[in-house]
Amino acid sequence: MSVKNKLSHLRNKQGVSAKRLAELVGVQRQTIYAMEAGTYVPNTLVALRLAQVLGVKVEDLFTLEEIAPAASATREVDLLPLEDRLQPGQPLQLCQVSRRVVGVPSAPVSSYLPAADAVVVKGGGKTGRAVIEPFVVDQEYGRRLLIAGCDPGISVLGRHMKTAGIELVTASCSSSKALDLLKRKQIHVAGSHLRDEISGESNLPAIRKLFPVKSVKVVNFAVWEEGIVVAQSNPKQICKVEDFARTDLRLINREAGAGSRLLLDTTLRRLGCKGAQINGYERIAYGHIPAAWHVYSGQADYCIATRAAARVFGLGFISLVSESFDLVIPKQHAELGATQILLETLNRGAFQRELELLGGYDTRQTGKLLA
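Read on for a plain summary of the structure. For clarity, every value in this text was computed on a predicted model and none was experimentally measured.

Quick look at the overall build of the protein chain
Then, number 1: Per the secondary structure count, the protein chain includes 14 helices and 15 strands.
Then, number 2: In summary, the protein chain has a C-alpha radius of gyration of 23 Å against a globular reference of 21 Å for 371 residues, a match within 12%.
Then, number 3: Principal-axis analysis of the C-alpha atoms gives the protein chain an extent of 75 × 55 × 45 Å.
Then, number 4: Counting all 371 residues of the protein chain, 42% fall into the buried class.
Then, number 5: Taking as baseline every contact in the protein chain between residues at least 6 positions apart, the subset at least 24 positions apart corresponds to 67%.
Then, number 6: Accessible surface, the protein chain: about 20,600 Å² in total, of which carbon and sulfur atoms supply 53%.
Then, number 7: Charge separation in the protein chain, taken as the distance between the mean sites of 46 positive and 36 negative side-chain charges, equals 4 Å.

A word on the nonpolar core
Then, number 1: Core analysis: the largest hydrophobic core is formed by 46 residues, its most contacted members being Leu 50, Phe 221, Leu 342 and Leu 346.
Then, number 2: Discounting chain neighbours no more than four positions away, the residues touching Phe 221 are Asp 151, Gly 153, Ile 154, Leu 157, Phe 325, Asp 326, Leu 327, Leu 346, Phe 351, Leu 355 and Thr 366.

Topic: the sheet that holds strand S10 (residues 189-192)
Then, number 1: Spatially, six strands are ordered S9-S8-S10-S15-S11-S14 in an open sheet, and the strand pairing comes out mixed. Two strands close off the open sheet at either side, each with one partner strand: strand S9 (167-172) and strand S14 (302-306). Neighbour to neighbour, the strand axes of the sheet diverge by 25° on average, direction disregarded.
Then, number 2: Where strand S11 (residues 216-230) meets S14, five bridges bridge the pair, whose relative direction is antiparallel. Bridge pairing in S14 places Ile 228 opposite Ile 304.
Then, number 3: Packing of helix H6 (residues 154-162) onto the sheet brings it into contact with strand S8 (144-149), S9, S11 and strand S15 (316-330), and relative to S9 it is tilted by some 165°.

Concerning empty space enclosed by the protein
Then, number 1: Counting across every chain of the model gives one cavity of 30 Å³ or more.
Then, number 2: Estimates place the volume of the largest cavity at around 50 Å³.
Then, number 3: Looking at the largest cavity, the residues that line it are Val 3, Lys 4, Asn 5, Met 35, Gly 38, Tyr 40, Val 41, Pro 42 and Phe 62.
Then, number 4: A total of three residues in the lining of the largest cavity trace back to one element, the largest contributor, which is strand S1 (residues 2-5).
Then, number 5: In terms of residue class, the lining of the largest cavity is made up of six nonpolar, two polar and one charged.

A few points about the pattern of salt bridges
Then, number 1: Taken as a whole, this structure holds 16 salt bridges when the rule is applied.
Then, number 2: Among the ionic pairs, Arg 208 bridges to Glu 201, the shortest N-O distance being 3.9 Å.
Then, number 3: When its relative accessible area of 54% is taken as the criterion, Arg 208 is described as exposed.
Then, number 4: Here Asp 248 makes a salt bridge to Arg 246, at a shortest N to O gap of 2.9 Å.
Then, number 5: Arg 246 sits in the partly exposed class, given a relative accessible area of 25%.
Then, number 6: Here the salt bridges share partners, and the residues they tie into one network are Asp 117, Arg 144 and Glu 167.

Overview of the packing of H6 against helix H14 (residues 349-359)
Then, number 1: Put simply, H6 and H14 touch, their axes get as near as 10 Å, and they point 150° apart. Put simply, H6 runs roughly antiparallel to H14. Between H6 and H14 the crossing geometry is right-handed. Between H6, through Val 156, Leu 157, Arg 159 and His 160, and H14, the contact on the second element is made entirely by Ala 350, Phe 351, Glu 354, Leu 355 and Leu 358.
Then, number 2: Of the residues assigned to the contact of H6 with H14, the class counts are six nonpolar, one polar and two charged.

Cut-offs and rules
Residues numbered from 1 in each chain as written. Predicted model: local features only at pLDDT ≥ 70, side-chain atom pairs only at ≥ 80, totals over all residues. Heavy atoms only, no water. Helix = DSSP H or I, 4+ residues; strand = E, 2+ residues; numbered from the N terminus. Rg over C-alpha atoms; globule rule 2.2 N^0.38 Å. Buried < 20%, exposed > 50% of the residue type's maximum accessible area, 1.4 Å probe, protein only. Contact = heavy atoms within 4.5 Å. Areas by Shrake-Rupley, 256 points an atom, 1.4 Å probe, with all protein chains shown as cover. Lys, Arg positive; Asp, Glu negative; His and termini not counted. Charge placed at Lys NZ, Arg CZ, Asp CG, Glu CD. Core = buried A, V, L, I, M, F, W, Y, C linked by side-chain atoms within 4.5 Å. Pairing = 2+ DSSP bridges. Axes fitted to C-alpha atoms, helices over the stretch in contact; angles between N-to-C directions. 1 Å grid on protein atoms, 1.4 Å probe; cavity = no way out; pocket = protein on both sides within 12 Å on 5 of 7 lines; lining within 4 Å. Points joined across faces, edges and corners; volume = space filled by probe spheres on them. Nonpolar A, V, L, I, M, F, W, Y, C, P; charged D, E, K, R; others polar. Salt bridge = Lys/Arg side-chain N within 4 Å of Asp/Glu carboxyl O. Parallel < 35°, antiparallel > 145°, perpendicular 65-115°, else oblique. Left-handed = near helix turned anticlockwise from the far one by under 90°.

See the structure below:
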């Protein structure tokens, strides 16, 4: 059995803010958000206080429902004829069309206009400021969290946080850039996968160099595999890192500061090879998904990216290392209601299951506090 609630509906219907309700009930505001998201079940005393404050019965707020069986059984669906061939692990979206369930290949590159709140009117240059025209005047943005990083799985986190009324705004950039933005206090959370070349430890050595002791929290997002992404069926027969020096192969590289670039450079040094000897070393893609797209579109023969990026396009993948992608949160942002929802979401089974199936992530350490 699972506990379902109508707390958000009844609270909004009566015009009571989450902050005010928390004060009246004697709990923290993030506790209200967690209950509304279904990630926290209150004890009897809190449930009775909620009912009393909202002027309803406890059973009007909370009900018991049967838990649906785990979605592990396979079934057949109709596929839209958008691609000639789909690979195992390639994502689909499902939709009920009349009496049929139809599978639609998820678009790895958006075909639609992006989500936005405003347009630039003037500026955006060296000053770092711009004049904008917002779509909605005086709109509040307090229930959002700004996170920078390059993990494609952040979009999964955003979808799950949205059920708790928190919108995740993402800035796609390298790990080094994300940590720099965090140090400049321009974002709430930075995502990082920087592997120390000497110790082999993920992230913590780089974080210690940038931030004072105990000034940030480091929480594991997931462990992923990073390696060589190649075309379907691997027509160029790329099998090992030594193949990088072949003159018939074209690389699409990542920008300086990216964890993938660091992995490539470390590998080349181990082979006694210089970047100038690699065809395509100077060609740059900004992100795992854009890099994999170059391989998918035939503009490159291989890149260094995650298994998740390869899966999106149904590409081949040769694993090189397992790395930890971690979230770095300054202490001043750690107690925000939105941050608490993020941390709670990381520990939700539904989120972890989607991350595992969609991107091949290892979530056994997901949500664990590392520092």
